[in-house]
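Residue-level structural notes
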Amino acid sequence: QVQLVESGGGSVQPGGSLRLSCAASGSIFSINAMGWYRQVPGKQRELVATITKGGSTNYADSVRGRFTISRDNAKNTVFLQMNSLKAEDTAVYYCEGTVVRRDGREYHYWGQGTQVTVSS
């Protein structure tokens, strides 16, 4: 089995920063794309940022220039540095990984989510 565990959420004032981490563990051969998504009550989960194994990144327009996604392939970990946070960034943030298991197949896994609250 594979687990993704997020950490680093919390409460911050507008303009502040937070850094999220997500560590994958378990029966992993390799991890292809990893990403961060967010969801607020009553709305669909939306993409925040993704990063390929080779380091190519993609961002939602709403966070481009403020958020930075990165990863440590040796530690199966992905990060999200969030700067200049706004109230509208408040959401539960989920980590997602496209994991290649030892059977050679790709599987998608999600973390349990971490709350980010931006409020004065």
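Right, let's walk through the structure included here.

The rules behind the values
- Residues numbered from 1 in each chain as written.
- Predicted model: local features only at pLDDT ≥ 70, side-chain atom pairs only at ≥ 80, totals over all residues.
- Heavy atoms only, no water.
- Pairing = 2+ DSSP bridges.
- Helix = DSSP H or I, 4+ residues; strand = E, 2+ residues; numbered from the N terminus.
- Axes fitted to C-alpha atoms, helices over the stretch in contact; angles between N-to-C directions.
- Buried < 20%, exposed > 50% of the residue type's maximum accessible area, 1.4 Å probe, protein only.
- Polar contact = N/O pair within 3.5 Å; in protein donor to acceptor, adjacent residues only side chain to side chain.
- Contact = heavy atoms within 4.5 Å.

In this section: the sheet that holds strand E8 (residues 77–82). If you trace the 4 strands from one edge of the open sheet to the other, you get E1-E3-E8-E7, paired in antiparallel fashion. At either margin of the open sheet sits one strand with a lone partner, and together these are strand E1 (2–7) and strand E7 (67–72). Going from strand to strand, the sheet's axes swing by 15° on average, the running direction of each strand aside. Summarising the sheet, E7 and E8 pair through 6 bridges and their orientation is antiparallel. Bridge pairing links Phe67 to Met82 in E8.

Moving on, we come to the side chain of Asp89. For Asp89, the position within the fold is in the loop between E8 and strand E9 (91–100). Judged by relative accessible area, Asp89 falls into the buried class, the value being 1%. Among the polar contacts listed, one links the side chain of Asp89 to the backbone nitrogen of Lys86, at a separation of 2.8 Å. Not counting residues up to four positions away in its chain, the partners in contact with Asp89 are Arg38, Arg66, Phe67, Ser84, Val116 and Val118.

As a further point, take unusual backbone geometry. For residues other than glycine, phi is negative in most cases, and the peptide bonds are mostly trans. Residues other than glycine seldom take positive phi values, yet Asn76 does so here, at roughly 50°. Position of Asn76 relative to the elements: it lies in the loop between E7 and E8. Among the residues examined, Asn76 registers a relative accessible area of 23% and is labelled partly exposed. Unlike most non-glycine residues, Ser84 shows phi in positive territory, near 50°. With respect to the element layout, Ser84 can be found in the loop between E8 and E9. Judged by its relative accessible area of 40%, Ser84 is partly exposed.

This is a description of form; function is not addressed.
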